[in-house]
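Chain by chain, the residues run as shown.
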Amino acid sequence: GALLKPNMVRSGADAAEQASMEEIAQYTVRTLSRTVPPAVPGINFLSGGFAEELSTIALNEINKCPGRKPWSLSFSYGRALQATV
C-alpha cells in the first residue's frame with residue numbers, strides 16, 4: 001500500500017479573502033474524493049504552512065466534513081509541531 005502526504009486545499013498567501021476552516025475541509029475532501037482511489041489506505045496531511053493549532057483545527061474539520069472518506073486521515077506535521085518547542 002501507499003500513503004499520501006498532501007497539503008490541504010487552501011487560499012493562496014496573497015488572496016484578498018482567506019478560506020474558512022470549513023471551506024478548506026470541504027474543498028480538500030471534494031478534491032480527494034475526485035482523485036484518490038479508495039484502495040489508498042491513508043492520507044497524512046502536511047501542515048501546509050499553518051501553525052500547529054490551525055493545522056489541527058483544519059484536520060478536525062476535514063474529519064467532521066460529511067461525505068465518504070474511505071481512507072484513514074491523519075497528520076504529518078513535523079515542522080508545525082516543532083514550532084512550539
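So, here is what we can say about the structure in this document. (Residues numbered from 1 in each chain as written. Predicted model: local features only at pLDDT ≥ 70, side-chain atom pairs only at ≥ 80, totals over all residues. Heavy atoms only, no water.)

Right, let's get into the nonpolar core. Counting 18 residues, the largest nonpolar core has Met8, Ile43, Phe45, Ile62 and Trp71 as its most contacted members. Those elements that provide at least two residues to this core are α1 (21-35), β2 (42-45) and α2 (52-64). Sequence-distant contacts of isoleucine 43, defined by excluding residues within four places in its chain, comprise Leu4, Pro6, Leu32, Val36, Trp71, Ser72, Leu73 and Ser74. (Core = buried A, V, L, I, M, F, W, Y, C linked by side-chain atoms within 4.5 Å. Buried < 20%, exposed > 50% of the residue type's maximum accessible area, 1.4 Å probe, protein only. Helix = DSSP H or I, 4+ residues; strand = E, 2+ residues; numbered from the N terminus. Contact = heavy atoms within 4.5 Å.)

With 15 residues, α1 extends 21 Å between its outermost C-alpha atoms, agreeing within 8% with the 21 Å of an ideal straight helix rising 1.5 Å per residue. The complete set of buried residues in α1 reads Met21, Ile24, Ala25, Thr28, Val29 and Leu32. The buried residues of α1 occupy an angular sector of 120° when projected down its axis, which confines them to one face. (Expected span 1.5 Å × (residues − 1). Arc of directions from axis to C-beta.)

With respect to topology, three strands assemble into an open sheet ordered β1-β2-β3, the strand pairing being parallel. Strands with a single pairing partner mark the edges of an open sheet, and in this sheet they are β1 (3-4) and β3 (72-75). Sheet topology note: the β2/β3 ladder contains four bridges and is parallel. Paired with asparagine 44 across the bridge in β3 is serine 74. This element, α2, spans β2 and β3 of the sheet and lies at about 175° to β3. (Pairing = 2+ DSSP bridges. Axes fitted to C-alpha atoms, helices over the stretch in contact; angles between N-to-C directions.)

Geometric values such as these leave the question of function open.
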